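If you want the building blocks of each chain, they are given just below.
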Amino acid sequence: MKEIIYLGGDHAGFSIKENMKRFLEEKGIDYQDLGPYKYNEKDDYPDYAFKVGEKVAKNKNSRGILICGSGLGGSVAANKVKGIRAVSAYDEYSARMSRIDGDSNVLGLSGKHISFPKIKSIVSVWLSTKFSKAIRHKRRITKISKYENRR
């Protein structure tokens, strides 16, 4: 089955999210926009982060991209969803390592502090980088999952 990318954001990430849709289309990558669908300066990133997180958690052949002001709040909110390993990346290195070492499944991006050309580069690296499946990294992810499931 082909991977799908779930997109979400808030008012601070709205225009970048709209540009991201065109970028993903150009790359032939399937996506689903989970909102917002129009600019609303009063919307809240947790609403969209939870939607993206829940979709990614249910569909193992998916990942998510969240765009808010800093990329941090969306990542924090998405990480409240069981099974999500959301990261905020500000450069290609952090995006790459989040996949290689942590098998991140949601990427948080800043809609205010990163240019769209830089965002495209970060997303390209994140999408093309595979999890290393190294024993030590699997062990660490398993520890995180066990802690998450203890409740």
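On a predicted model such as this, the values are computed, not experimentally measured, just so you know.

Trainee: In this structure, what is going on with the pattern of salt bridges? I would like to understand it.
Mentor: Opposite charge on two side chains permits them to pair, given that their charged atoms come into close proximity. Tallied over the full model, the rule gives eight salt bridges. One salt bridge connects arginine 63 with glutamate 3, and the closest N-O pair in it is separated by 2.8 Å. Here arginine 63, found in strand β3 (residues 62-68), pairs with glutamate 3, found in the segment before β1 (4-9); they are 60 residues apart in sequence, far enough to count as distant. For glutamate 3, a relative accessible area of 26% translates into the label partly exposed. With a shortest N-O distance of 3.0 Å, aspartate 33 and lysine 21 are connected by a salt bridge. Here the residue aspartate 33 occupies a position in strand β2 (residues 30-33), and lysine 21 occupies one in helix α1 (residues 14-26), the gap between them amounting to 12 residues. Each member of the pair, aspartate 33 together with lysine 21, is buried. Counted as one network, the salt bridges with shared partners bring together Lys17, Glu18, Lys21 and Asp33.

Conventions we followed
- Within every chain, residues take consecutive numbers counted from 1 along the sequence as written.
- The predicted nature of this model means local features are confined to residues of pLDDT at least 70 and side-chain atom pairs, given and counted, to a pLDDT of 80 or more, with totals for whole chains, interfaces and linings taken over all residues.
- Hydrogens are left out, water is left out, and the side-chain values use all remaining heavy atoms of the structure.
- Salt-bridge detection follows one rule: a side-chain nitrogen of Lys or Arg within 4 Å of a carboxyl oxygen of Asp or Glu.
- The numbering of helices and of strands both runs from the N terminus, where a helix is a DSSP run of H or I of at least 4 residues and a strand a run of E of at least 2.
- Burial classes: relative accessible area under 20% of the type maximum marks a residue as buried, over 50% as exposed, and values in between as partly exposed (1.4 Å probe, protein chains only).

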